[in-house]
Amino acid sequence: SSVAIGMLAVFTYPAMTTLLEPLLLKKKIQLHHIGLAGLVMVGVYFLMPGEINLSNDTFVGLLFGLVSAFIFSLRNIMMKTQVDNVHGSVLMFWQMLVVVIVVAPALWFSPGFPPLAAVPFLVSLALITTAIGHTLFLASFKHFSISTASLLSCVQPIYGILLGVLIFGEFPAWTSVIGGVLILSAVVVEAWRTVV
């Protein structure tokens with residue numbers, strides 16, 4: 001699938017969070033979050049390819065993105081319950097340890113390790129965007145609700161799509177642009193509500 005489809009699908013997690021957070025943490029449902037979640041879902045509709053089956057790479061990319069978004073939403077909700085008592089870097093350490101244990105068996109099926117030249121880039125990606133970025137994201141839970149922090153983080157697909165255009169020459173389809181505008185407009189609304 002394309003960078004645009006992957007990034008926009010993953011960043012539906014705020015909509016999922018706004019629906020799951022009240023159910024799992026026994027919080028009051030906020031109608032404006034339901035409306036923003038609906039707006040995101042309409043955006044996902046525009047990302048859907050014409051042909052919906054597992055042989056369509058766009059559909060598979062969208063499906064993996066939505067499953068990832070659901071798992072990320074559940075992870076954030078679980079972390080919210082711990083962030084007041086445990087430092088974000090400790091939570092990230094345990095998360096990374098669990099990920100290594102769960103993903104390690106896949107090495108048996110892997111055709112090989114990445115080239116040596118790619119290792120510094122993979123380490124940078126792991127440290128900067130994953131470890132440090134997610135630790136800071138977890139720390140923001142002390143100051144914002146999970147729904148608000150999640151919605152505000154949705155500006156990331158814009159950067160990802162722009163990098164996809166610059167690095168891979170992948171220009172998103174107009175339907176992806178429309179879907180992206182709808183999804184990211186939820187960010188603008190929530191950011192405005194938070195600031196005002």
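Up top is the structure.
What comes next is a walk through the structure. (Residues numbered from 1 in each chain as written. Predicted model: local features only at pLDDT ≥ 70, side-chain atom pairs only at ≥ 80, totals over all residues. Heavy atoms only, no water.)

**Describing the overall build of the chain**
Heads up, the condition is: To qualify as a helix, a DSSP run of H or I must reach at least 4 residues; to qualify as a strand, a run of E must reach at least 2; elements of each kind are numbered from the N terminus. To get the radius of gyration, use the C-alpha atoms; to get the globule rule, take the number of residues to the power 0.38 and multiply by 2.2 Å. Three exposure classes are used, based on accessible area relative to the maximum for each residue type with a 1.4 Å probe and protein chains only: buried under 20%, partly exposed in between, and exposed over 50%.
The number of helices and strands found in the chain is nine helices and zero strands. When the helices and strands of the chain are read in sequence order from the N terminus, they spell out α-α-α-α-α-α-α-α-α. For 196 residues, the compact-globule formula gives about 16 Å, and the C-alpha radius of gyration of the chain, at 18 Å, lands near that figure. When its C-alpha atoms are laid out on the principal axes, the chain stretches across 50 × 45 × 30 Å. Counting all 196 residues of the chain, 33% fall into the buried class.

**Digging into the nonpolar core**
Filter applied, for reference: Definition used in this section: a nonpolar core is a set of buried Ala, Val, Leu, Ile, Met, Phe, Trp, Tyr and Cys residues joined via side-chain atoms within 4.5 Å. Contacts are assigned to residue pairs with any non-hydrogen atoms lying within 4.5 Å of each other.
Ranked by size, the top nonpolar core spans 16 residues in total, and within it Tyr13, Met79, Leu91, Phe137, Leu138 and Phe141 carry the most contacts. Put simply, the parts of the chain that give this core at least two residues each are helix 2 (13–24), helix 4 (57–80), helix 5 (88–103), helix 6 (119–140) and helix 7 (146–152). By residue number, the principal contributor to this core is helix 4, which donates four residues. Once residues lying within four places of it in the same chain are set aside, the contact partners of leucine 91 are Met79, Gln82, Val83, Val86 and Leu138. Core analysis: the next-biggest nonpolar cluster, separate from the first, contains 14 residues, Leu8, Leu36, Ala37 and Leu62 among them.

**Some thoughts on a nonpolar patch on the surface**
Formally: Two distance rules govern patches: like charges are joined within 9 Å, and nonpolar side chains (Val, Leu, Ile, Met, Phe, Trp, Tyr) within 5 Å, applied only to residues with over 30% relative accessible area and no salt bridge. Here the accessible surface of atoms and residues is derived via Shrake-Rupley with a 1.4 Å probe, and residues count as covered only by protein chains that are part of the display. Note on definitions: salt bridges are taken to be side-chain nitrogens of Lys or Arg within 4 Å of carboxyl oxygens of Asp or Glu.
A cluster of nonpolar side chains, namely Leu116, Val119, Val123, Leu127, Ile128, Ile132 and Leu136, defines an oily patch on the protein surface of about 700 Å² accessible area. For valine 119, the position within the fold is in helix 6.

**Some words on the pattern of salt bridges**
Enumeration according to the criterion identifies one salt bridge in this entry. A salt bridge links lysine 27 to glutamate 21; the shortest N-O distance between them is 3.7 Å. The buried category is assigned to glutamate 21, whose relative accessible area is 5%.

**Topic: the side chain of serine 73**
One can find serine 73 in helix 4. For serine 73, a relative accessible area of 0% translates into the label buried. Apart from the residues within four sequence positions on either side, serine 73 is in contact with Tyr13, Met16, Thr17 and Leu20.

**Considerations on the packing of helix 1 (residues 3–10) against helix 8 (residues 156–168)**
Going by this rule: Structural elements are reduced to axes, namely lines fitted to C-alpha atoms, with helices fitted over the stretch in contact, and the angle between N-to-C directions of any two is expressed from 0 to 180 degrees. Roughly parallel means an angle under 35 degrees; roughly antiparallel, over 145; roughly perpendicular, 65 to 115; everything else is oblique. By the definition used in this description, the sense in which the near helix is turned from the far one sets the handedness, with an anticlockwise turn below a right angle giving left-handed and a clockwise turn giving right-handed. Put simply, Ala, Val, Leu, Ile, Met, Phe, Trp, Tyr, Cys and Pro go in the nonpolar bin, Asp, Glu, Lys and Arg in the charged bin, and everything else, Gly too, in the polar bin.
One can describe the packing of helix 1 onto helix 8 by two numbers: an axis separation of 9 Å at closest approach and a directional angle of 165°. Judged by the inter-axis angle, helix 1 sits roughly antiparallel to helix 8. For helix 1 against helix 8, the interelement crossing comes out right-handed. Together, Val3, Ala4, Met7 and Leu8 of helix 1 and Gln156, Pro157, Gly160, Ile161, Gly164 and Phe168 of helix 8 make up the contact between the two elements. Tallied by class, the residues present in the contact of helix 1 with helix 8 amount to seven nonpolar, three polar and no charged.

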